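Residue strings, one per chain:
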Amino acid sequence: MKPTRSFASDNKAGIHPKILEAIAAANQGHVVGYGDDPYTESAVEKFKRHFGADIEVFIAFNGTAANCLGLKALTETYHAVICAEAAHVYTDECGAPEKFTGCKLIPIPTPDGKLTVESVRHVYHGIGDQHHVQPRVVSITQSTEMGTVYKPKEIRDLARFAHERSMFLHMDGARIANAAVSLGLTLREATRDLGVDVLSFGGTKNGAMGAEAVIFFDRRFSRDFLYVRKQGMQLASKMRFISAQFEALFADDLWRKNAEHSNQMAALLEKEIRKIPDVKIVYPVEANGVFAQIPRQAIAKLQKRYFFYVWNEEQSVVRWMCSFDTTAEDVKEFARFVAETVRE
Ligand SMILES: Cc1ncc(COP(=O)(O)O)c(C=O)c1O
């Protein structure tokens, strides 16, 4: 029998039982739709407790939309968004950011998924030239698509660079919980306090069923966002069921516990995988993902039992993600299977 849990993605996992309970508990009677309900009021209140009373928060269904609409709020069609080449907005959103913002995305190759001030400076040109798109947003992913985590200073420096040039810092925080825990920071310290202007806050990869939010730390940009969200088809009529998930994530710091656990499982997986000759960990394991270079012929054999994605076919690099429900036994069994398969 195949194992019931894989290492393919943190969104292959199910819903955390406490979140499922919260959805069921919200399933009582009728409430007003479209966000004018007590569950949403209470979830927004919790967001404000974490990020500050003066934020604006808008709930959305998925991370692609949170990114696209957050970027749209910051841009005109003649602007450009600078991002890492590996960024989800660039590689995994089917051109939706370009479609919704009308902006050009300027991708920067990186060895570890992280932009640096130097790399951004390199593409910052054409300012004031009517023939060029005008760079307006630096978009970073935290934790990154390569399982690495920006250090606070790296984000502060990017924010300073952007703000000194009338640009803004957007953060794709699909895994912001994993990053905050990895850095030992609160959610606010890991985002707003470092100069992030707009945050896509991810709940789905941290145990929710489908709960994301766009958070504005500067209300100038959220003024028309109610309309942007509706036009972007992200206004949930039965919003209470998404809001209830955020309430559960924030109650008893479940967000933190889930992220801590998945990060710990990735650290354990790294430790076990490092024991295997012929398998090489290729990026620092700083959140809940492990990237490994493995002998090419082992990939298909491994995938027959445990489905996962190949990150870089040419280099034979694969991606293994841990989730809130990954167990130490899952990790050890998987590592044993990798060792065995690689040896064959
Ligand atoms: C870095 C990153 N950003 C955003 C998303 C959001 O994606 P979705 O639209 O599937 O919720 C994902 C999901 O894979 C992701 O990995």
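What counts, and where the lines are drawn
- Residues numbered from 1 in each chain as written.
- Predicted model: local features only at pLDDT ≥ 70, side-chain atom pairs only at ≥ 80, totals over all residues.
- Heavy atoms only, no water.
- Helix = DSSP H or I, 4+ residues; strand = E, 2+ residues; numbered from the N terminus.
- Rg over C-alpha atoms; globule rule 2.2 N^0.38 Å.
- Buried < 20%, exposed > 50% of the residue type's maximum accessible area, 1.4 Å probe, protein only.
- Areas by Shrake-Rupley, 256 points an atom, 1.4 Å probe, with all protein chains shown as cover.
- Lys, Arg positive; Asp, Glu negative; His and termini not counted.
- Charge placed at Lys NZ, Arg CZ, Asp CG, Glu CD.
- Core = buried A, V, L, I, M, F, W, Y, C linked by side-chain atoms within 4.5 Å.
- Contact = heavy atoms within 4.5 Å.
- Pairing = 2+ DSSP bridges.
- Axes fitted to C-alpha atoms, helices over the stretch in contact; angles between N-to-C directions.
- Near = heavy atom within 4 Å.
- Polar contact = N/O pair within 3.5 Å; in protein donor to acceptor, adjacent residues only side chain to side chain.
- Nonpolar A, V, L, I, M, F, W, Y, C, P; charged D, E, K, R; others polar.

1. Focus: the overall build of the protein chain
At step 1: Looking only at helices and strands, the protein chain has 13 helices and eleven strands in total.
At step 2: Taking 344 residues into account, the globule formula puts the C-alpha radius of gyration at 20 Å, and the protein chain, at 20 Å, falls close to it.
At step 3: Expressed along its principal axes, the backbone C-alpha trace of the protein chain runs to roughly 60 × 55 × 35 Å.
At step 4: Relative to its full complement of 344 residues, the protein chain shows a buried share of 57%.
At step 5: Within the structure as shown, the protein chain displays about 15400 Å² of accessible surface, and the carbon and sulfur contribution to it stands at 51%.
At step 6: Side chains of the protein chain give 43 positive and 43 negative charges; the mean places of these two sets differ by 2 Å.

2. Concerning the nonpolar core
At step 1: Phe47, Phe51, Leu115, Ile140, Phe201, Ile215 and Phe246 are the most contacted members of the largest nonpolar core, which has 83 residues in total.
At step 2: If you tally residues by element for this core, the top one is helix 10 (residues 240-250), at seven residues.
At step 3: Apart from residues lying up to four places away in sequence, Phe51 is in contact with Leu187, Arg188, Thr191, Arg192, Leu199, Phe201, Ile215 and Phe217.
At step 4: In this structure, Ile273, Ile276, Ile294 and Val331 belong to the second largest nonpolar core, which totals 28 residues.

3. Comments concerning the sheet that holds strand 7 (residues 212-216)
At step 1: Strands sit in the order 1-7-6-5-4-2-3 across an open sheet of seven strands; the sheet is mixed. At either margin of the open sheet sits one strand with a lone partner, and together these are strand 1 (56-60) and strand 3 (104-108). Between one strand and the next, the sheet's axes are offset by a mean angle of 20°, whatever the strand orientation.
At step 2: As defined by bridge partners, strand 5 (residues 168-173) adjoins strand 6 (residues 198-202) across four bridges and the pair is classed as parallel. Each bridged residue has a counterpart across the sheet, and for Asp172 the counterpart in strand 6 is Ser200.
At step 3: Against the sheet, helix 7 (residues 152-164) contacts strand 4 (134-141) and strand 5, and its axis sits at roughly 140° relative to strand 5.

4. Some words on the sheet that holds strand 11 (residues 317-321)
At step 1: Taken in spatial order, the four strands of this open sheet run 8-9-11-10, and their pairing is antiparallel. Both outer strands of the open sheet, strand 8 (280-281) and strand 10 (309-312), are each paired with one neighbouring strand and no more.
At step 2: Across five bridges, the pairing between strand 9 (residues 289-293) and strand 11 is antiparallel. Within the sheet, the bridge partner assigned to Phe291 lies in strand 11 and is Arg319.

5. Details of the site of the ligand
At step 1: All residues in the neighbourhood of the ligand are listed as Asn62, Gly63, Thr64, Asn67, His88, Thr141, Glu145, Asp172, Ala174, Arg175 and Lys205.
At step 2: The contact in question runs from an oxygen atom of the ligand to an N or O atom on the backbone of Gly63, over 2.9 Å.
At step 3: Residue His88 places a side-chain N or O atom 3.4 Å away from an oxygen atom belonging to the ligand.
At step 4: The fraction of the free accessible surface of the ligand (390 Å²) that becomes covered by protein chains is 80%.
At step 5: With three residues, the top contributor of residues to the shell around the ligand is helix 3 (residues 63-74).
At step 6: The class makeup of the residues in the shell around the ligand is one nonpolar, six polar and four charged.

6. Quick notes on unusual backbone geometry
At step 1: Looking along the chain, the bond that leaves Gln142 and enters Ser143 is cis, with omega of -10°.
At step 2: Summarising the element assignment, Ser143 is placed in the loop between strand 4 and helix 7.
At step 3: Unlike most non-glycine residues, Cys94 shows phi in positive territory, near 55°.
At step 4: Assignment of secondary structure puts Cys94 in the loop between helix 4 (88-91) and helix 5 (96-101).
At step 5: Even without glycine at this site, Asp253 takes up a positive phi of about 55°.
At step 6: Here Asp253 is to be found in the loop between helix 10 and helix 11 (254-274).
At step 7: On the basis of relative accessible area, Asp253 is assigned to the partly exposed category, the value being 32%.

Nothing here speaks to function; it is geometry throughout.
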